[in-house]
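Below, each chain spelled out in residue letters.
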Amino acid sequence: MVAVLNRLLGALGRTLITVGTIVLLFAGYQLWGTGVDEANHQEQLTRDLATSLGVDAAPSMSATAVDAAIQRKLEAIDPATAPPMLPPREADVVGTISIPRIGLLDKKFVEGVSKADLRAGPGHYQGTSFPGQAGNSAIAGHRTTYGAPFNRIDELSPGDQIIVSTRQGRFVYEVVASPENTRTGEAGDRWGDAWYTVTPDNVAPIQATPDNRLTLTACHPKYSAKLRIVVTAKLVAEPAATTPTTAAPEQEAKGTPNTVASDEDLIAGDPDELEPALAWGGAFAGLFLVAATVAGVLRRKTTKAFLPWLVYLVVAAPCAWLLWTCFVHVDRYLPSY
């Protein structure tokens, strides 16, 4: 009886250790693995933007070299004479955004703020003005996953520059102080000199304005979707020609832009990803259990201590691949910040 109990407790202990390890690995995937996904998207967006601009983007050229050529091309465009952009489709690359103060340099941003869009980089809110044009242009980004482009926007100060480049040229914005009427709650927690927070259902920050501004939004605090952090910057030159804004199909009937409260934006998970997540997770668990069973048999049947470890070594690569794929689908199923 004691021997059986010991075996059960041993099995339970090993199970808990395995589950705990997998949870830690998934946390690591969310923090760093999603950055790999975003980096791959950014490289593709770089080459897409280069192609649209007529910039050489041969496979032999590094992404850095292509990026430098893109910036030279965009900086040579005169916004005063640039024609209106063609309205982009959702997920198309729109341009680049740089915030030198926080080390964000030439990050490509796309059209749309769905979770799928933001996996590639910051996203322009459909229905708001385009950067460099008249009105309020709004861009959202993650703070803790998928490259965390807006991780440090709470460190911005009035006067800091935000530089956005599109097919209409290079535009400089200067961060402005947070309005006094938005400074509610504790300083440093709910507001700062150049940022403030709103609840997710507050769409005022991205509504149309008579001035020419850029509005950045992200989840706040980090690792939470309780609030939205908002940074506002003003355009320091004359705006470029206006492009008709785009709107997501479900928003067109309402006549309003996508908002931070939309179920489809910023953090919403995809329920269709649960089934593949379970399938890939089951495949990993099955392979791991088979390996553990074979290794256990070898321990009892042979004196060659290296054989059980050889079994684990053989299945290590396929197990890692199955687990990584499972993590990809689990991450898409869960909200992200």
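This one's a predicted model, so the numbers in the text were calculated from it and none came from an experiment.

A. Representation of the overall build of the chain in the model. A count of helices and strands for the chain gives 6 helices and 10 strands. Viewed in the frame of its principal axes, the chain has a C-alpha envelope of about 80 × 50 × 40 Å. Here the chain holds 337 residues, and the buried ones make up 45% of them. When contacts within the chain are restricted to residue pairs at least 6 apart in sequence, long-range pairs at least 24 apart make up 64% of them. Accessible surface, the chain as shown: approximately 16,700 Å² in total, 61% of it carbon and sulfur. The average position of the 28 basic charges and that of the 34 acidic charges among the side chains of the chain differ by 11 Å.

B. A nonpolar patch on the surface, seen in detail. Side chains of Leu5, Leu9, Leu12 and Leu16 sit close together on the surface and give an oily, nonpolar patch of about 400 Å² of accessible area. A relative accessible area of 55% means that Leu16 is categorised as exposed.

C. Quick look at the packing of aromatic side chains. Scanning the model with the defined rule gives 8 aromatic pairs in all. On the basis of an interplanar angle of 85 degrees and a centroid distance of 5.0 Å, the ring pair of Tyr29 and Trp324 is categorised as edge-to-face. One end of the pair, Tyr29, is in helix α1 (residues 2-53); the other, Trp324, is in helix α6 (residues 306-333), and 295 residues separate them in sequence. The rings of Phe26, Tyr29, Trp324 and Phe327 are connected pair by pair, giving a single aromatic cluster.

D. Spotlight on the state of the cysteines. Counted under the stated rule, the structure contains 0 disulfides. With no disulfide of its own, Cys319 lies 12 Å from the sulfur of Cys326, the closest cysteine sulfur.

E. The pattern of salt bridges, seen in detail. For the structure on display, the rule yields 10 salt bridges. Glu43 is paired through a salt bridge with Arg47; the nearest N and O atoms lie 4.0 Å apart. Here the residue Glu43 and the residue Arg47 both occupy positions in helix α1, the gap between them amounting to 4 residues, near one helical turn. Owing to a relative accessible area of 16%, Arg47 belongs among the buried residues under this scheme.

F. The arrangement of the packing of helix α5 (residues 274-301) against α6 in detail. Direction vectors running N to C along α5 and α6 enclose 165 degrees, while the axes themselves pass 8 Å from each other. Judged on the interaxial angle alone, α6 and α5 are roughly antiparallel. For the pair α5 and α6, the crossing hand works out as left-handed. Of the residues belonging to the contact of α5 with α6, the class tally is 26 nonpolar, 3 polar and 1 charged.

G. Up close: α6. Here α6 contains 28 residues, and its C-alpha end-to-end distance of 40 Å stays within 8% of the 40 Å for a straight helix at 1.5 Å per residue. At Ala316, α6 shows its maximal kink, close to 45 degrees; a proline, Pro318, follows between one and four residues later. Taken together, the buried positions of α6 are occupied by Pro308, Val311, Val315, Cys319, Leu322, Leu323, Thr325, Cys326, Phe327, Val328, His329 and Asp331. Structurally, α6 contributes buried residues whose contacts are with α1, α3 (115-118) and α5.

Reading the values: the criteria
Residues numbered from 1 in each chain as written. Predicted model: local features only at pLDDT ≥ 70, side-chain atom pairs only at ≥ 80, totals over all residues. Heavy atoms only, no water. Helix = DSSP H or I, 4+ residues; strand = E, 2+ residues; numbered from the N terminus. Buried < 20%, exposed > 50% of the residue type's maximum accessible area, 1.4 Å probe, protein only. Contact = heavy atoms within 4.5 Å. Areas by Shrake-Rupley, 256 points an atom, 1.4 Å probe, with all protein chains shown as cover. Lys, Arg positive; Asp, Glu negative; His and termini not counted. Charge placed at Lys NZ, Arg CZ, Asp CG, Glu CD. Patch = residues over 30% accessible without salt bridge, like charges linked within 9 Å, V, L, I, M, F, W, Y side chains within 5 Å. Salt bridge = Lys/Arg side-chain N within 4 Å of Asp/Glu carboxyl O. Phe/Tyr/Trp six-rings, centres within 6.5 Å; stacked < 30°, edge-to-face > 60°. Disulfide = S-S within 2.5 Å. Axes fitted to C-alpha atoms, helices over the stretch in contact; angles between N-to-C directions. Parallel < 35°, antiparallel > 145°, perpendicular 65-115°, else oblique. Left-handed = near helix turned anticlockwise from the far one by under 90°. Nonpolar A, V, L, I, M, F, W, Y, C, P; charged D, E, K, R; others polar. Expected span 1.5 Å × (residues − 1). Bend = angle between axes of the 7 residues up to and from the residue.

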